[in-house]
Every structure is written in C-alpha cells, then in structure tokens.
Amino acid sequence: MSDAETIAAETPSASPSSATAPASKGGRRREEIAKILFVVPAALAIAALFGYPVVKNLVMSFQDYGLKTFFTGEAPWIGLQNYIAVVTDDVFTKAVVNTALFTIGSIAGQFVIGMLLALFFHKNFPLHGVLRALFLLPWLIPLIVGSAAWRAILEQDSGILNVTLENLGIISSPIPWLTSPDVALIAVILVNIWLGIPFNMTLLYSGLQDIPDDLYEAGAMDGATGWKAFWHITLPNLRAVVGIVLMLGVIYTLKVIDIILGLTGGGPANATQTIATQSYQDSFVQFKFGQGAALSNILILISLAFAVVYLRATRRQVDE
C-alpha cells in the first residue's frame, strides 16, 4: 500500500449525521416558528377579547371614572379610594354575607339533587333518556326568561305556588316570597338551585358512566352494597368530577346577576344584594364605574382563590 492510500484510509470520513445536522437544526427551527405563527392569532384574540377588558377594569378601579368621563375624557387617578369606599359602605357587609349564603345554599342544593338524579338515571328504565333530556330544559332556558317565569310563580297574591299551597291547606295566608326581607333570599336560592340542577346532573352522570361495573360486582361480593357501595366505590371514583363540579359551581354562582335582578333587583331592603349585583348597581344605576370596577375585581380575587385551592388539591391528589 502506498503512502497516499495509507493516508486516505486513516483519514475519517465525514459522518452522515454531521452533514445533516445543520439541515435538521434548520428544519426544527422552522417548525418552531410555524408553531408560534399558528398560536399568534389565538393569542391576539384572547388578548383583545379578554385581556384588554380585564386590564381596563383594573385601571378603572383606581380612577375617578364616572358619567362625566364620557364627556370630558378625564378620569383622575385616585389610588385605593374606590376600594375604600365600597368596603366601608354599609351595603358591602350585607352583600358579602348574602353572597356567601347564596353561594353555599345554591351549591349544596344543586349538588345533592344533581347527584340523586344522576344516580337515578344511571339505572336503565323505560323512557329514562326522554326524562333526562327534559331535566335539561332549565339549563337551556335563558336566565332572564327563567327568572321572569319564576317571578310570576312566586307572586304573593296571584302566584301559582301560593295558590297551590293554600288549596292544599299547607298555608293559611300567602307568603311574600319576593317582598319580605326574611324570605326573599331563600326564594332566590331555590330558583338558582332549580336552574343549576341540570349542570350538576349532567357532569355527575357522565362521571358515573366511566365507573366500571366490575367494581360494584367485586364490592357486592365483599358486602359493599347500597350506601356502602356509594361511599366506598362511587364517591372515590367521582372525586375528580365532583371537584370540577363544585369549583365551576362556586365560580359561576359568585357572579350570578340575571336571576337576582329578574326576581328582586337586589331588594327588598338589600336582602338579596350580592357583590355582583352591587357592582351592577354602582356601575349602571349610579354610574360610579370606578367603584363598580373595584367590586368586580374583589369578586375576581375571590373566584381566583377558589380556583387556586382547587388546583392545589387536585395536584396533591395526583401526587398521592
């Protein structure tokens, strides 16, 4: 072998991977740019439709933003004065208590009745599909329409509920469902429960469908039937669904305004006034947009607190 052939044999040839490395890096970079370009329109839409209103609402809460602002264009910066004004208002304490009672009562009623109906429809029987579809009607009706219908039902003198109760001999005089400070909040909670049952029933029913029948058969062999089966098999397997139902229910109920405005308008004597309705009153009745924005931001913080608690609890369950 000659010296030239020896040098050629000992010289390592360029590997295919090194030759194609720049090309692969370039292709990977183009793929990343393409992914970003696909995401950009959605990000811009979210920023325009959701981000801007949230930021604008936050800025308004620190400004003296009222009706005159629409004519002068001036909204002086006043810091935390709007927050101090709404928190120190006598109505705020009443609104916080009403919001808590309204949320707890609504969630408890919706969840318990929704769970019972989900368990009922989980069993096959004639026309169970038709009946389950009929239970979705309250969910499909617009809230303001539903509240108007219930306002007619709960009328003190001519409402069908009082007339029926009087004919059955349950009550001797009409109950002022919407005009008594002692009863109005209970009436609003009951109507909201009626409207929220289909949502709870649908999600819980979907969760029940995913539980294997083998678990119940194995549990029956160990004596876990009836209530024991529900407690030791159904609930543990529905834990994730229950968490989602409760979290979404709390966040939704905190901001309910249509039903209350349609039934009582926050009255009588602020008996059904909540943080959401008070924010509406300040913004669109008294035209104190800065204070209304402050109340809505407080409501957002409360909702975020519930969301954070739920996410931490879910992460803890996953880690376990």
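The model shown is predicted, which means the values in this text are computed figures rather than measured ones. (Residues numbered from 1 in each chain as written. Predicted model: local features only at pLDDT ≥ 70, side-chain atom pairs only at ≥ 80, totals over all residues. Heavy atoms only, no water.)

**As for the overall build of the chain**
For step 1, the next point in the chain: Counting its secondary structure elements, the chain contains 16 helices and zero strands.
For step 2, the next point in the chain: In terms of overall dimensions, the chain is more spread out than a globule: its C-alpha atoms have a radius of gyration of 30 Å, far above the 20 Å expected for 320 residues.
For step 3, the next point in the chain: Its C-alpha atoms give the chain principal-axis dimensions of about 120 × 75 × 35 Å.
For step 4, the next point in the chain: Long-range pairs, those at least 24 residues apart, make up 66% of the contacts in the chain with a sequence separation of at least 6.
For step 5, the next point in the chain: Roughly 19,600 Å² of accessible area belongs to the chain as shown, and the carbon and sulfur atoms make up 68% of that amount. (Helix = DSSP H or I, 4+ residues; strand = E, 2+ residues; numbered from the N terminus. Rg over C-alpha atoms; globule rule 2.2 N^0.38 Å. Contact = heavy atoms within 4.5 Å. Areas by Shrake-Rupley, 256 points an atom, 1.4 Å probe, with all protein chains shown as cover.)

**Looking at the nonpolar core**
For step 1, the next point in the chain: Formed by 33 residues in total, the largest nonpolar core has its most connected members in F102, W177 and L204.
For step 2, the next point in the chain: Of all the secondary structure elements, the ones that give two or more residues to this core are α5 (90-121), α10 (184-209), α13 (239-254) and α14 (258-263).
For step 3, the next point in the chain: Per-element accounting of this core gives the leading share, twelve residues, to α10.
For step 4, the next point in the chain: Residues in contact with W177, not counting those within four places in the same chain, are L154, L161, N162, L165, V183, A184 and A187.
For step 5, the next point in the chain: Within the second largest apolar cluster, 13 residues are counted, among which are V86, L254, I275 and A276. (Core = buried A, V, L, I, M, F, W, Y, C linked by side-chain atoms within 4.5 Å. Buried < 20%, exposed > 50% of the residue type's maximum accessible area, 1.4 Å probe, protein only.)

**Things to note about the packing of aromatic side chains**
For step 1, the next point in the chain: One pass over the structure, following the stated rule, counts 14 aromatic pairs.
For step 2, the next point in the chain: Measuring from centroid to centroid gives 5.7 Å for W139 and F199, while their planes differ by 75 degrees, and the two rings are edge-to-face. Remark: F199 occurs in helix α10 and W139 occurs in helix α7 (residues 137-140); sequence separation between them is 60 residues.
For step 3, the next point in the chain: Measuring from centroid to centroid gives 5.5 Å for W227 and F230, while their planes differ by 35 degrees, and the two rings are tilted. Of the two residues, W227 and F230 both sit in helix α12 (residues 227-237), three residues apart, roughly one turn of that helix.
For step 4, the next point in the chain: Exposure remark for F230: the relative accessible area of 17% places this residue in the buried category.
For step 5, the next point in the chain: The rings of Y65, F70, Y280, F284, F287 and F289 are connected pair by pair, giving a single aromatic cluster. (Phe/Tyr/Trp six-rings, centres within 6.5 Å; stacked < 30°, edge-to-face > 60°.)

**With respect to the packing of α5 against α13**
For step 1, the next point in the chain: Taken N-terminus to C-terminus, the directions of α5 and α13 make an angle of 145 degrees; their axes are 10 Å apart at the nearest point. Here α5 runs over α13; the crossing is right-handed. Each of T99, F102, T103, S106, I107 and F111 in α5 lies in contact with α13, whose residues at this interface are V242, V245, L246, G249, V250, T253 and L254.
For step 2, the next point in the chain: Of the residues belonging to the contact of α5 with α13, the class tally is eight nonpolar, five polar and no charged. (Axes fitted to C-alpha atoms, helices over the stretch in contact; angles between N-to-C directions. Left-handed = near helix turned anticlockwise from the far one by under 90°. Nonpolar A, V, L, I, M, F, W, Y, C, P; charged D, E, K, R; others polar.)

**Overview of a nonpolar patch on the surface**
For step 1, the next point in the chain: On the surface, a nonpolar cluster with roughly 710 Å² of combined accessible area is contributed by L127, V130, L131, L134, L137, W139 and L140.
For step 2, the next point in the chain: Only α6 (128-134) and α7 provide two or more residues apiece to the nonpolar patch.
For step 3, the next point in the chain: Secondary-structure assignment places L134 in helix α6. (Patch = residues over 30% accessible without salt bridge, like charges linked within 9 Å, V, L, I, M, F, W, Y side chains within 5 Å. Salt bridge = Lys/Arg side-chain N within 4 Å of Asp/Glu carboxyl O.)

**Thoughts on the side chain of Q278**
For step 1, the next point in the chain: Structurally, Q278 can be placed in helix α15 (residues 275-284).
For step 2, the next point in the chain: Among the residues examined, Q278 registers a relative accessible area of 9% and is labelled buried.
For step 3, the next point in the chain: A polar contact of 3.5 Å, which involves the side chain of Q278, links it to the side chain of Q273.
For step 4, the next point in the chain: Contacts of Q278, omitting those with residues within four sequence positions, involve D89, V91, Q273 and L295. (Polar contact = N/O pair within 3.5 Å; in protein donor to acceptor, adjacent residues only side chain to side chain.)

**A short note on the confidence of the model for the chain**
For step 1, the next point in the chain: When pLDDT is averaged across the chain, the result is 84; 90% of the residues are at 70 or more.
For step 2, the next point in the chain: Confidence over residues 11-21 falls short of pLDDT 50; this stretch has zero contacts with residues more than four positions distant or in other chains. (pLDDT = per-residue confidence, 0-100.)

**A few points about the environment of Q273**
For step 1, the next point in the chain: Take Q273: it is sitting in the loop between α14 and α15.
For step 2, the next point in the chain: Given the relative accessible area of 4%, Q273 is considered buried.
For step 3, the next point in the chain: Sequence-wise, Q273 and V97 are 176 residues apart; in three dimensions their C-alpha atoms are separated by 9.2 Å.
For step 4, the next point in the chain: Those residues in contact with Q273 that lie beyond four places of it in its chain are V91, K94, A95, N98, G266, Q278 and Q281.
For step 5, the next point in the chain: Here the side chain of Q273 touches N270 through a polar contact of 3.1 Å, side chain to side chain.

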